[in-house]
Amino acid sequence: HMNEKAVALEMKHTNFGDSAGLSDRTVSTPEDLFLLAKYLYAKKSFIFDITQKEGKDVMSRNGKTYSWRNYNHFAGNPEFIGGKTGFTNLAKETMLTVFDIPFGDETHTVAAIVLGSDDREKDVRSLVGWLKDTAYRSNDTFTLGFVGDLMFDGGVEQSVERYGGGNFSYIF
C-alpha cells in the first residue's frame, strides 16, 4: 500500500522495500519527501501531531503501563509541526521535519529534509537557523536564498512550475 500511495502522490523516485523503512530497497529523494510532507500536512496532520509529543504512557488491556518516548530531537519545540527520523547503515541519518517559522508578523510553514547525514539534528538546526537569519519580507516580496534541500511552500512551488516545468531539481 505504501508504494501505491507513493505513486498516487507522484513520488516518482521513491520505493518502499518494507513498512519499517529498514530495507536497503527503501529509497527516496528530497523532492519526493517534500511531496509526502505536503500531503501529510494537508491531509493527515494527525500523524504530525503524534510526532510532536515527547512521550506517552499507555496502559495495556492487562493493566500494565508502558512508556513511549519520542526520539525526534524537535519533539516539544513549539515551532515543530512534526516529522520523521530514520537511520540505516546505507542511508545514514535522515530526517523529514516541518516547522512553523515566524518571520516578522507572519508565520510560514517550512519543510527541512536531510538525507545521508552524520548528524541530522545539527543539520536541521543549521538549515532552520540559516533560514531564520536569511529570509526576510519586504513590501509583499518574500526573499529567500536556497541551499541544499530546503523548500518553502507557496511561492517556490509556483516558481518551479513556471520556470522549471514542475521539476524541483531545477532550483538546485
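Described in the following lines is the structure provided in the data block. In this text the structure is predicted, and so the values were computed from the model without any measurement.

## Here's the deal with the pairing of strand β4 (residues 92–103)
Strand direction decides the pairing type here: strand β3 (residues 80–88) and β4, joined by eight bridges, are antiparallel. For Gly86, the partnering residue across the bridge sits in β4 and is Thr94. The hairpin formed by β3 and β4 contains three residues between the paired strands. As defined by bridge partners, β4 adjoins strand β5 (residues 106–117) across ten bridges and the pair is classed as antiparallel. Opposite Met95, over in β5, you have Val114 as the bridge partner. Counting the residues in the hairpin turn of β4 and β5 gives two residues, including Gly104, whose phi is positive at 65°.

## Quick word on the side chain of Thr94
Secondary-structure assignment places Thr94 in strand β4. On the basis of relative accessibility, which here comes to 17%, the residue Thr94 falls in the buried class. Sequence-distant contacts of Thr94, defined by excluding residues within four places in its chain, comprise Lys84, Thr85, Gly86, Phe87, Val114, Leu115, Gly116 and Arg120.

About the criteria used
- Every chain is numbered on its own, with residues counted from 1 as its sequence reads.
- Per-residue local features of the predicted model are confined to residues with pLDDT of at least 70, and side-chain atom pairs are confined, for both listing and counting, to 80 or more; whole-chain, interface and lining totals are unaffected and use all residues.
- Hydrogens are left out, water is left out, and the side-chain values use all remaining heavy atoms of the structure.
- Note on pairing: two strands pair once DSSP finds at least 2 bridges between them.
- Under the DSSP-based scheme used, a helix requires at least four consecutive residues in state H or I and a strand at least two consecutive residues in state E, with every element numbered from the N terminus.
- Working definition: with a 1.4 Å probe on protein chains only, accessible area under 20% of the residue-type maximum means buried, over 50% means exposed, and in between means partly exposed.
- Only heavy atoms matter for contacts: two residues are in contact if any of them lie within 4.5 Å across the pair.

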